[in-house]
Amino acid sequence: MSPRSTAVPTPTASAPPADALSPRRWTRLMPIVFVTYSFAYLERSNFSVATAGGMADDLHITGSVSALLGSLFFLGYILFQIPGALYAQRRSVKRLIVRCLVVWGVLATAQGLIPNVHVLMAVRFVLGVSEAAVLPAMVIYITHWFTARERGRANTWLILGNPATVLWLTVVSGYLVEWVGWRGMFIAQGLPAIVWAWVFHRFVDDRPADAAWLTETERAGLEDALEAEQRGLRPVTGYGRALRSANVVLLSAQYLLWSLGVYGFVFWLPSIVAKGSDEGIGTTGLISAAPYLFACVAMLLNSRASDRAGRRAVFVWPWLLTGALSFYGSYLLGDDFWLSFPLLCVAGAAMYAPYGPFFASIPEFLPSNVSGAAIALINSFGALGGFAGSYLIGMLNDVTGSTAASFLTMAACLAGAAALTLAVRPAPAKAETDALPEPGKA
């Protein structure tokens, strides 16, 4: 990705165009992909609702303990990103996700039964471990089933599980806490993941060659198209070379800054709304859902436009810059909540809209043997940014007694992410690089 943008690889003449490939991939796989990531994000996000809904008081969770709980989750999440992605790439996405779903369900339900904060610490760490490989594994899975000209939309349907989950979570979970308490909320939202593990096992196949629901012609056409794209990429041997490449380093830093803004927004928006609107937790959840509704629409429109244009960068950095300007506008408005709330809706949409093109871009400059590890590394830095964002924004709100500093911080992070996006260079076509000497050779 650069100021002139990244072009989506063009299939060879022998490969069928994307619109000639089986449409059943979308109707069969995308709903499953969407729901699966929704469960992953649910098990991560409902903790903040439970904390606000009485868990902090019942388990005597102080500010320092809350920070420790967050760090334990993200520690497990960061440490197991690359190992999980390598397992998915080399062995089976299907087996990995089924096991994760069972673990999520059990641990989420356990959070509703825990007797003290010490047990909660262990549960949060293991929950982070079990969720670590989900996003990179699912992005890898999409590369097994969808061509480059489809992956912006396919990745959007995956990551749409994030804002869509927050959209209904902020509404339903608030009322669940009011009706059955925070313990009942955890149990009610944990058990369905165990059932979904059976659904995933029953209806998902690792690769087209395993799919009995495709015809022989459909399997062959899809595999030919995917293989043609791989032949168009310059080979990269060794994970070290891929992970140290300039593009991966830049995207890791970019995603850290981007995630700092996103997770600062996600984790503290309910508190900002509650303080600014003076509403109860149920109504607060309803108001907080509005930015995520706009985000879902923006994600779908932006990814479709990116796939049609065959470009990525120009569908990433302008949105991040828009988010930065929206937060800056909220900073200028100070604590006038009802004036700044429309800008928060714009910021929410702007932060989520680029996800599909962003993750679609990585397999377009790295071949499949190393792209999974690169995605995992970049997502690890995103997790680090998520932890920093949720912690830093909460600290700024507490120390200053205002949201102004938080909005300014998120604006600066998104502006930095937009600038780094422009610094990423598109990979040259294989035909252009075959004649170049290997690094270190004359």
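So, on to a nonpolar patch on the surface. Taken together, the side chains of Val-102, Val-106, Leu-191 and Ile-194 make up a nonpolar region of the molecular surface, amounting to roughly 300 Å² of accessible area. Contributions of two or more residues to the nonpolar patch are made by α4 (93-111) and α8 (161-203). Looking at the secondary structure, you find Val-102 in helix α4.

What follows deals with the side chain of Asn-302. As for its position among the elements, Asn-302 is in helix α13 (residues 290-309). A polar atom in the side chain of Asn-302 sits 2.8 Å from the backbone oxygen of Phe-315. Residues contacting Asn-302, with those up to four places away along its chain left out, are Phe-315, Trp-319, Ala-353, Pro-354 and Pro-357.

Okay, the packing of aromatic side chains next. All told, the structure shown has 24 aromatic pairs when counted by the stated rule. Between the aromatic rings of Phe-327 and Phe-407, the centroid separation amounts to 6.2 Å while the plane-to-plane angle is 20°, which identifies the pairing as stacked. Of this pair, Phe-327 sits in helix α14 (residues 317-333) while Phe-407 is found in helix α18 (residues 404-423), placing the two residues 80 residues apart along the sequence. The aromatic ring of Phe-203 is capped on one face by Arg-202, whose charged end is 4.9 Å from the ring centroid.

You will see that His-60, though not glycine, has its phi angle at about 55°, which is positive. Note that His-60 resides in the loop between α1 (24-58) and α2 (63-79).

Within this structure, the stated rule accounts for seven salt bridges. It is possible to trace a salt-bridge network through shared partners that takes in Arg-153, Asp-307, Arg-312 and Glu-364.

Calculation notes
- Residues numbered from 1 in each chain as written.
- Predicted model: local features only at pLDDT ≥ 70, side-chain atom pairs only at ≥ 80, totals over all residues.
- Heavy atoms only, no water.
- Patch = residues over 30% accessible without salt bridge, like charges linked within 9 Å, V, L, I, M, F, W, Y side chains within 5 Å.
- Areas by Shrake-Rupley, 256 points an atom, 1.4 Å probe, with all protein chains shown as cover.
- Salt bridge = Lys/Arg side-chain N within 4 Å of Asp/Glu carboxyl O.
- Helix = DSSP H or I, 4+ residues; strand = E, 2+ residues; numbered from the N terminus.
- Polar contact = N/O pair within 3.5 Å; in protein donor to acceptor, adjacent residues only side chain to side chain.
- Contact = heavy atoms within 4.5 Å.
- Phe/Tyr/Trp six-rings, centres within 6.5 Å; stacked < 30°, edge-to-face > 60°.
- Lys NZ or Arg CZ within 6 Å of the ring centre and 35° of its normal.

Taken by themselves, the reported measurements are silent on function.
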